[in-house]
Amino acid sequence: MKKVVLIPGDGIGPEIVESVKKIFKAADVQIEWEEHLAGESALDKLGFLLPISTVGAIRKHKIALKAPLTTPVGKGFRSVNVQMRKELDLFANVRPIVSLEGVKTPFKNVDLVIVRENTEGLYAGIEHMVGDDAAETIRVITRKASERIGRFALKMVVERNRISENRLTIVHKANIMKLTDGLFLSSIKELAEKYISEGSLHRIKTMTVDDRIIDNMCMQLVQRPETVDVIVAPNCHGDIISDLCAALVGGLGVAPGANIGDDCAVYEAIHGTAPDIAGKGLANPTSLLLSAVMMLRDKNIGDHDNADKIEAAIKKTLREGKMVTGDLGGSASTMEYTDAIIANLWASERR
Ligand code: ATP
């Protein structure tokens, strides 16, 4: 049986992890969870925020599902999420943003993916003080990392192969950051042109490559999000539009995410640890659940039948709207919502 590393995380993490475990068991998914710690719970029990045993297990099994983690503030710790991405070279942050029937938002037909470069740019953490009253950060963009994320995003366009239009949108601020974002933009544009002229996108007939300045992209996303297909962006721009786009389809509680490298992938809930509701049985597990569904479709698992079945049951439960959690306007507990999804698993099986 395929082993998957499971990181229960902090705050509401263990509660939403229980929901995933229960639904996967009910659907008889043939994977074996191997639990490892990270975040504050790892610091308390093992003395490290990111124990070497956790990183080693992900390297070994190549795939992990991670609940939100706490990095203690003001004690000089580096973000545990950033550390994990760096240790495992998880260079692509992937956020599918898809409208869910029953989840109230002003938008109905959103279906896009944000591919964010995860290893460099503003979040590389190369900072220093200049005397007492100024601070500097160094924003590195390389051709190598830009081409790598560009190739990943182009592959995503091909895999999605949309009926309406295949489009790669490169997001940047190259009008101001002419060298760094200029290099990001030109590297990916040249790569896409090469792919198109060589016919490397053979599965799809046509693809449009365009680019948007980050501020203009934000405006378009809140006006006509249905016109966007795959977005590729450097680290900080990608981070900001990822949360903006999650809000288009109902917020952080319902959007999935993953950090993917050449060898390993970590699927994750995109929200934080929500300490205000932790331990109360109120958390919405949908973000982690949809990430777990994405994980089942990963090349290292490839269980598309169960992915489709569980996804259909989640969507049906949301569409019905009777058994949803407080953040979605309902009054169900995490486990009542979980049980409603399980009931819908059987309903979809009976059809
Ligand atoms: P962290 O410090 O780990 O980032 P946070 O609570 O500050 O955690 P968010 O995850 O962005 O950060 O949470 C913001 C608010 O949204 C919180 O008040 C929380 O109650 C709510 N929230 C976040 N995730 C969920 C969820 N899965 N279900 C229900 N409410 C959630």
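Just so it is clear, the structure is predicted and the values come from calculations on it, not from any experiment.

About the criteria used
- Residues numbered from 1 in each chain as written.
- Predicted model: local features only at pLDDT ≥ 70, side-chain atom pairs only at ≥ 80, totals over all residues.
- Heavy atoms only, no water.
- Helix = DSSP H or I, 4+ residues; strand = E, 2+ residues; numbered from the N terminus.
- Rg over C-alpha atoms; globule rule 2.2 N^0.38 Å.
- Buried < 20%, exposed > 50% of the residue type's maximum accessible area, 1.4 Å probe, protein only.
- Near = heavy atom within 4 Å.
- Polar contact = N/O pair within 3.5 Å; in protein donor to acceptor, adjacent residues only side chain to side chain.
- Areas by Shrake-Rupley, 256 points an atom, 1.4 Å probe, with all protein chains shown as cover.
- Nonpolar A, V, L, I, M, F, W, Y, C, P; charged D, E, K, R; others polar.
- Pairing = 2+ DSSP bridges.
- Phe/Tyr/Trp six-rings, centres within 6.5 Å; stacked < 30°, edge-to-face > 60°.
- Axes fitted to C-alpha atoms, helices over the stretch in contact; angles between N-to-C directions.
- Parallel < 35°, antiparallel > 145°, perpendicular 65-115°, else oblique.
- Contact = heavy atoms within 4.5 Å.

Asker: Before we go on, may I ask you to explain the overall build of the protein in this structure?
Answerer: Helix and strand content of the protein: 11 helices and 12 strands. The globule rule puts the C-alpha radius of gyration for 351 residues at 20 Å, and the 20 Å found for the protein is close to it. When the backbone C-alpha atoms are referred to their principal axes, the protein occupies close to 55 × 50 × 40 Å. For the protein, with 351 residues in total, the buried portion stands at 53%.

Asker: I tried to follow the site of the ligand on my own but got confused; where do I start?
Answerer: In the region of the ligand, the neighbouring residues are I12, L252, H271, G272, T273, A274, P275, D276, I277, A283, N284 and D327. Within the side chain of H271, one N or O atom sits 3.2 Å away from a nitrogen atom of the ligand. Contacts to the ligand include T273, whose backbone N or O atom sits 2.8 Å from an oxygen atom. Contact with the protein chains covers 59% of the free accessible surface of the ligand, which is 600 Å². When grouped by side-chain class, the residues that make up the shell around the ligand number 6 nonpolar, 4 polar and 2 charged.

Asker: Help me understand the side chain of N284, please; the structure alone is not making it clear to me.
Answerer: Note that N284 resides in the loop between β12 (265-269) and α9 (286-296). A distance of 2.5 Å separates the side chain of N284 from the side chain of T286, its partner in a polar contact. There is a polar contact of 2.9 Å between the side chain of N284 and the side chain of D327.

Asker: Before we go on, may I ask you to explain the pairing of β12 in this structure?
Answerer: Moving residue by residue along a regular strand, the side chains alternate between the two faces of the sheet. Taking burial as the measure, the 5 residues of β12 include 5 buried ones, the bulk of the element. Because side chains alternate across β12, one face comprises the buried residues A265, Y267 and A269, and the other comprises V266 and E268, equally buried. In terms of strand pairing, strand β3 (residues 63-66) meets β12 through 4 bridges, oriented parallel. When the sheet's bridge partners are listed, L65 is paired in β12 with Y267. Two elements, strand β11 (residues 256-260) and β12, share 5 bridges in a ladder whose sense is antiparallel. Looking at β12, one finds that A258 is bridged to Y267. Counted along the chain from β11 to the antiparallel partner β12, the turn is 4 residues long.

Asker: Got a minute to help me understand the packing of aromatic side chains in this structure?
Answerer: What describes a pair of aromatic rings is the distance from one ring centre to the other and the angle between the planes of the rings. Counted under the stated rule, the structure contains 2 aromatic pairs. Judged by centre distance (5.6 Å) and plane angle (35°), the ring pair of F24 and W33 falls under tilted. The interplanar angle of 85° and the centroid separation of 5.9 Å between the aromatic rings of F91 and F152 together place this pair among those described as edge-to-face. With F91 in the loop between α4 (80-87) and β4 (92-98) and F152 in helix α5 (residues 143-160), this pair connects stretches of sequence that are 61 residues apart. Residue classification places F91 among the buried residues on the basis of a relative accessible area of 3%.

Asker: Whenever I open this one, the packing of helix α7 (residues 214-223) against helix α8 (residues 235-248) confuses me. Can you help?
Answerer: Axes are the key here: two packed helices are described by the angle between their axes and the distance separating the axes. Two elements in contact, α7 and α8, have axes whose closest approach is 10 Å; the angle formed by their N-to-C orientations is 10°. By the angle between their directions, the pair α7 and α8 is classed as roughly parallel. Across from I214, C218, L221 and V222 in α7, the residues of α8 making contact are H237, I241, L244, C245 and L248. Of the residues that constitute the contact of α7 with α8, the class distribution is 8 nonpolar, 1 polar and no charged.

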